Amino acid sequence: MTWLRGLRARLVITFVLVGGVCAVAAAGLTYLQARTDLVAGVQDRLLDDFRNRVLLLSRDVALPADDGELALLAEDLEVGDRKVYVVRDAAIPSDARITAGLRQAVASRPELAWQRVSRDGVPYLVGGSRVMLRAGGTPSGITVYLVESLAQAAADEAAVLRAAQTAAAPVVLVAVLAGLLAARGVLRPVADLDRAARRLGEGRLETRLPVRGGDELARLAGQFNETAAALERSVGELREMEARSRRFVADVSHELRTPLAAATAVTDVLEAGADRLDADAGTAARMVSAEVARLTRLVDDLMEISRFDAGAAVLNLNEMDVGKAVAACLRTRGWTGAVTTDLPEGIHLPLDPRRLDVIVANLVGNALRHGAPPVTLTLRADDEMLTLTVADQGPGLPADVLPHVFERFYKADAARARSEGSGLGLAIARENALLHGGDLTVAPGPGAVFTLTLPRTRP
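The rules we used
- Residues numbered from 1 in each chain as written.
- Predicted model: local features only at pLDDT ≥ 70, side-chain atom pairs only at ≥ 80, totals over all residues.
- Heavy atoms only, no water.
- Pairing = 2+ DSSP bridges.
- Helix = DSSP H or I, 4+ residues; strand = E, 2+ residues; numbered from the N terminus.
- Axes fitted to C-alpha atoms, helices over the stretch in contact; angles between N-to-C directions.
- Contact = heavy atoms within 4.5 Å.
- Phe/Tyr/Trp six-rings, centres within 6.5 Å; stacked < 30°, edge-to-face > 60°.
- Buried < 20%, exposed > 50% of the residue type's maximum accessible area, 1.4 Å probe, protein only.
- Polar contact = N/O pair within 3.5 Å; in protein donor to acceptor, adjacent residues only side chain to side chain.
- Core = buried A, V, L, I, M, F, W, Y, C linked by side-chain atoms within 4.5 Å.
- Parallel < 35°, antiparallel > 145°, perpendicular 65-115°, else oblique.
- Left-handed = near helix turned anticlockwise from the far one by under 90°.
- Nonpolar A, V, L, I, M, F, W, Y, C, P; charged D, E, K, R; others polar.

(A) Broad picture of the sheet that holds strand 8 (residues 375-381). Strands sit in the order 6-8-9-11-10 across an open sheet of five strands; the sheet is mixed. Each of the sheet's edge strands pairs with one partner strand only, and the pair in question is strand 6 (339-342) and strand 10 (439-444). Averaged over neighbouring strand pairs, the angle between their axes works out to 15 degrees when direction is ignored. Bridge count between strand 6 and strand 8: four bridges; the pairing is parallel. Its bridge partner being in strand 8, T340 is matched across the sheet by T376. Each of strand 6, strand 8 and strand 9 (385-391) touches helix 7 (residues 322-332); the most contacted strand, strand 8, lies at about 160 degrees to it. Contacting strand 10 and strand 11 (448-455), helix 9 (residues 425-435) crosses the sheet at an angle of about 130 degrees to strand 10.

This is the structure we're talking about:
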């Protein structure tokens, strides 16, 4: 039933309701007026005719009248299907359609009294009047009752009702058609706006809408075009600034590599001879050597980040035993005895060995430098996912630091991410995980728990 929530359905339903209510109201008023006119007209005609005939024929009745004269008067007053009863005032007619209430009304006033009754589904007009003498208007002691069928009037009334109902159906159909036409006229620009907004959300900033007419929807389309144009200009400027920043970082990093290589060679010589220098000179030589090494790592990290930003980072995949590869990373750096490992063999996955080494070295190195033992390294795998977890028992990461751990150059004084490094290590590790189609996440432990997830089947 979700289609009922759509604008088209609501417009059509509104038109149908308004049209239907108007049609029913108009048909009802027409029926009520026709019914009033029809029934009242028939009733007035019958009562006037009866009243006149009573006045005309009762003049010839000799008083006191016997039963024969009463029967003759009743016969003269009957016309068509009309049934007439002429009785003395105290007598009660045998017809059940003449009610006690009507007899009481006839007895209490000189003018004609009437009412409508129904018997076996057939409506009747029942009336009665005492016959008055011309001289002084005194009662004659005779009462005349009328019983007239209104079946034909009821049939005409039913015909009027059917006509009103029949007339309401086309109105509802017209309301449906009008609702569909109105919905089409209103929803076409709305649908165009929806498609344009979707294209704009997909990054197609050149999207524009045609502006037709001068109504509210046309003004909305014009405003959309102005907003899209402003967004396109802003995004274009941001992209240009980002591209310039990336080129600057890449160019500076590239240009620094040659002098850094020369400086590294010099500092290696200075550090090798630092023991033969005096105390201050030796300390200075070692400090310069450490800072040059740190600057070299920073330049290497910047070069790696610039390759990710430029989309130039590629994977050199090799089918490898992940457990053996992680163990080799620890063994190369002399961390085997400092880390508790659970690395089952036989878990094979196509990976880039260099990038896996960068991820493991960064996570384990951070845990050893800033955490507390024991540092554990656990490898697990199922049919869909490989999971590598590095955990320690250190102070952990504050809750306000967790969302920013993988941001570039992010450092917090009380956080595990603080180090003598550049603040790019975790960012590069996560980029390498994403390049493999996986992810790198962090959670509080005790300590901190970093989890690398890689799909068993590459997308």
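(B) A look at the packing of aromatic side chains. Counted under the stated rule, the structure contains one aromatic pair. On the numbers, 6.1 Å between centres and 90 degrees between planes, the contact of F406 with F450 is edge-to-face. Of this pair, F406 sits in the loop between strand 9 and helix 9 while F450 sits in strand 11, placing them 44 residues apart in sequence. The burial state of F406 is the same as that of F450; both residues are buried.

(C) How the structure looks around the side chain of D352. Considering the arrangement of structural elements, one finds D352 in the loop between strand 7 (348-351) and helix 8 (353-370). Reaching out from D352, the side chain makes a polar contact with the backbone nitrogen of N316 at a distance of 2.9 Å. Dropping the residues within four chain positions of it, D352 is found in contact with V314, L315, N316, L317 and H436.

(D) Main features of unusual backbone geometry. Along the chain, P373 connects to P374 via a cis peptide bond; the corresponding omega equals 0 degrees. Residue placement: P374 occurs in the loop between helix 8 and strand 8. The residue D120 is not glycine, and still its phi comes out positive at about 55 degrees. Inspection of the secondary structure assignment puts D120 in the loop between strand 2 (113-119) and strand 3 (122-132). In this structure D120 comes out as exposed when scored by relative accessible area, which is 81%.

(E) Region of the structure containing the pairing of strand 7. Across the two faces of strand 7 the burial differs, with L349 and L351 buried and H348 and P350 not buried at all. Bridging between strand 5 (residues 318-321) and strand 7 involves four bridges; their strand directions are antiparallel. Following the sheet pairing, E319 is matched in strand 7 by P350.

(F) How the structure looks around the nonpolar core. Among the nonpolar cores identified, the biggest contains 38 residues, and V364, L377, L388, L397, V405, F450 and L452 are the most heavily contacted of them. Mapped onto this core, the elements with two or more residues apiece are helix 7, strand 7, helix 8, strand 8, strand 9, helix 9, strand 10 and strand 11. Per-element accounting of this core gives the leading share, seven residues, to helix 8. Those residues within four positions of L388 in sequence are excluded, and the remaining contacts are V326, L343, V360, L377, T378, L379, F450, T451 and L452. Core analysis: the next-biggest nonpolar cluster, separate from the first, contains 20 residues, F50, L73, A74 and V86 among them.

(G) Geometry of the environment of E431. With respect to the helices and strands, E431 occurs in helix 9. Sequence separation of E431 and I359 is 72 residues, and the distance between their C-alpha atoms is 9.4 Å. E431 has contacts with F308 and R408, leaving out every residue within four places of it along the chain.

(H) Spatial organisation of the packing of helix 7 against helix 8. Interaxial distance between helix 7 and helix 8 falls to 10 Å at its minimum, and their mutual angle equals 55 degrees. On the basis of their axis angle, the class for helix 7 and helix 8 is oblique. In this structure, the crossing between helix 7 and helix 8 has a hand that is right-handed. Where helix 7 approaches helix 8, its residues A325, V326, C329 and L330 are matched on the opposing element by L356, D357, V360, A361 and V364. Here the residues of the contact of helix 7 with helix 8 are counted per class, giving eight nonpolar, no polar and one charged.

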